[in-house]
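Breakdown of the fold
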Amino acid sequence: MEIPGLGKVTRDKRFGWYYSEPVAVPMLGGAQCRIVLEGYYRDERKEDFHTAITNFLTGSPAVLREADEPLFRYYKDFEEYWLEDGNPPIKSAEELWRHVQFGDEPMVTRRHRGDKGVYVTIECGCDWEEEHGLQLVLKNGLKVNKLGGYDSHLTNSDASGDKSLENVIYRSF
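Residues numbered from 1 in each chain as written. Predicted model: local features only at pLDDT ≥ 70, side-chain atom pairs only at ≥ 80, totals over all residues. Heavy atoms only, no water.

**As for the overall build of the protein**
Along the protein, the regular secondary structure elements total five helices and eleven strands. A principal-axis box enclosing the C-alpha atoms of the protein has dimensions of 50 × 35 × 30 Å. By the burial criterion, 45% of the 173 residues in the protein qualify as buried. Surface accessibility of the protein: about 9300 Å² in total, with carbon and sulfur atoms responsible for 49%. For the protein, the distance from the average site of its 22 positive side-chain charges to the average site of its 30 negative ones is 7 Å. (Helix = DSSP H or I, 4+ residues; strand = E, 2+ residues; numbered from the N terminus. Buried < 20%, exposed > 50% of the residue type's maximum accessible area, 1.4 Å probe, protein only. Areas by Shrake-Rupley, 256 points an atom, 1.4 Å probe, with all protein chains shown as cover. Lys, Arg positive; Asp, Glu negative; His and termini not counted. Charge placed at Lys NZ, Arg CZ, Asp CG, Glu CD.)

Below, the structure written as C-alpha cells:
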C-alpha cells in the first residue's frame, strides 16, 4: 500500500499498524524515522492522516522550540534528582534539548475523544527523567500540544479525564 507523503508502507499483522521506510524528519534534526500509523486502515477520513504526516515531515525544529517553556518546567519538576546524581543544573531550554534522544518511530493516530483529531506522538529518552522519558505529542503534526513523561495519552485532558486541561501542554504533578 502507498500512503501520500510516505510512499510504500508495510502492515504489521499483529497490530494492524502501517510502517513507512525510514525517512528523514527535519523537525527531529534530520533523524531517520519509520513513521507508524495506528488505526489508518479503518479510518474514514484518511486525508486527516495525510495532512498530519505532511505537516510533521515539513516542520522544522522551531516547532519543538515553541514548547521550550513547558519542557523546562518538566525538567524543573525532576531537577533535584538530576542534581543528586552529580549532574550540573541545566540553565536553558536550548541546553535541555541536547539531553533529549528522539524516538525513531513517531506514531500517527486519531484521538478517540474530544476533537477526534489526528496527532503525532514521539516517545523520547531524556537524561533528567530516565524512568518515564519524554513524550512529545503534536496536534495535526503542527504544534506540540502535550509533553511530559510517557503515558500514551494524546492530551492532558485525556490523561486526567479533566476537560479543562485540553490546551495544557505540560501538567506538573
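**Observations regarding the pattern of salt bridges**
All chains considered together, the criterion is met by twelve salt bridges. For E105, the salt bridge is made with R34, and the minimal N-O distance between the two is 3.0 Å. Of the two residues, E105 is situated in the loop between strand 7 (100-101) and strand 8 (107-110) and R34 in the loop between strand 5 (31-33) and strand 6 (36-38); the sequence distance between them amounts to 71 residues. In this structure E105 comes out as partly exposed when scored by relative accessible area, which is 38%. A salt bridge links D68 to R65; the nearest nitrogen and oxygen atoms lie 2.8 Å apart. Taking the relative accessible area as the measure of exposure, R65 reaches 34% and is therefore partly exposed. (Salt bridge = Lys/Arg side-chain N within 4 Å of Asp/Glu carboxyl O.)

**Some words on unusual backbone geometry**
Although it is not a glycine, K116 adopts a positive phi angle of roughly 55 degrees. Backbone geometry places S152, a non-glycine residue, at a positive phi of 75 degrees. Mapped onto the fold, S152 is located in the loop between strand 11 (143-148) and helix 5 (156-160). Residue classification places S152 among the partly exposed positions, given a relative accessible area of 47%.

**Let's talk about a negative patch on the surface**
On the surface, a cluster of negative charge is made up of E80, E84, D85 and E130. Mapped onto the secondary structure, E84 falls in helix 3 (residues 68-84). (Patch = residues over 30% accessible without salt bridge, like charges linked within 9 Å, V, L, I, M, F, W, Y side chains within 5 Å.)

**Description of the state of the cysteines**
For the structure shown, the criterion picks out zero disulfides. You can see C126 has no disulfide; the closest cysteine sulfur is in C124, sitting 8.3 Å from it. (Disulfide = S-S within 2.5 Å.)

**Here's the deal with the layout of surface pockets**
Looking at the largest pocket, its volume works out to about 420 Å³. Along the wall of the largest pocket there are 19 residues; nearest its centre are E38, M107, T109, T121 and S152. For the lining of the largest pocket, the secondary structure elements donating two or more residues are strand 6, strand 8 and strand 9 (118-126). Tallied by class, the residues present in the lining of the largest pocket amount to six nonpolar, six polar and seven charged. (1 Å grid on protein atoms, 1.4 Å probe; cavity = no way out; pocket = protein on both sides within 12 Å on 5 of 7 lines; lining within 4 Å. Points joined across faces, edges and corners; volume = space filled by probe spheres on them. Nonpolar A, V, L, I, M, F, W, Y, C, P; charged D, E, K, R; others polar.)

**Some points on the pairing of strand 2 (residues 7-11)**
In the sheet, strand 1 (residues 2-3) pairs with strand 2 via two bridges, with the strands oriented antiparallel. Bridged to E2 within strand 2 is K8. Hairpin connection between strand 1 and strand 2: a loop of three residues separates the two successive antiparallel strands, and G5 in this loop has a positive phi of roughly 90 degrees. In terms of strand pairing, strand 2 meets strand 3 (residues 18-20) through three bridges, oriented antiparallel. Along strand 3, the bridge assignment pairs T10 with Y19. Counting the residues that bridge the hairpin from strand 2 to strand 3 gives six residues, and of these G16 lies at a positive phi of roughly 80 degrees. (Pairing = 2+ DSSP bridges.)

From the geometry alone we can't say anything about function, so treat these as descriptive.
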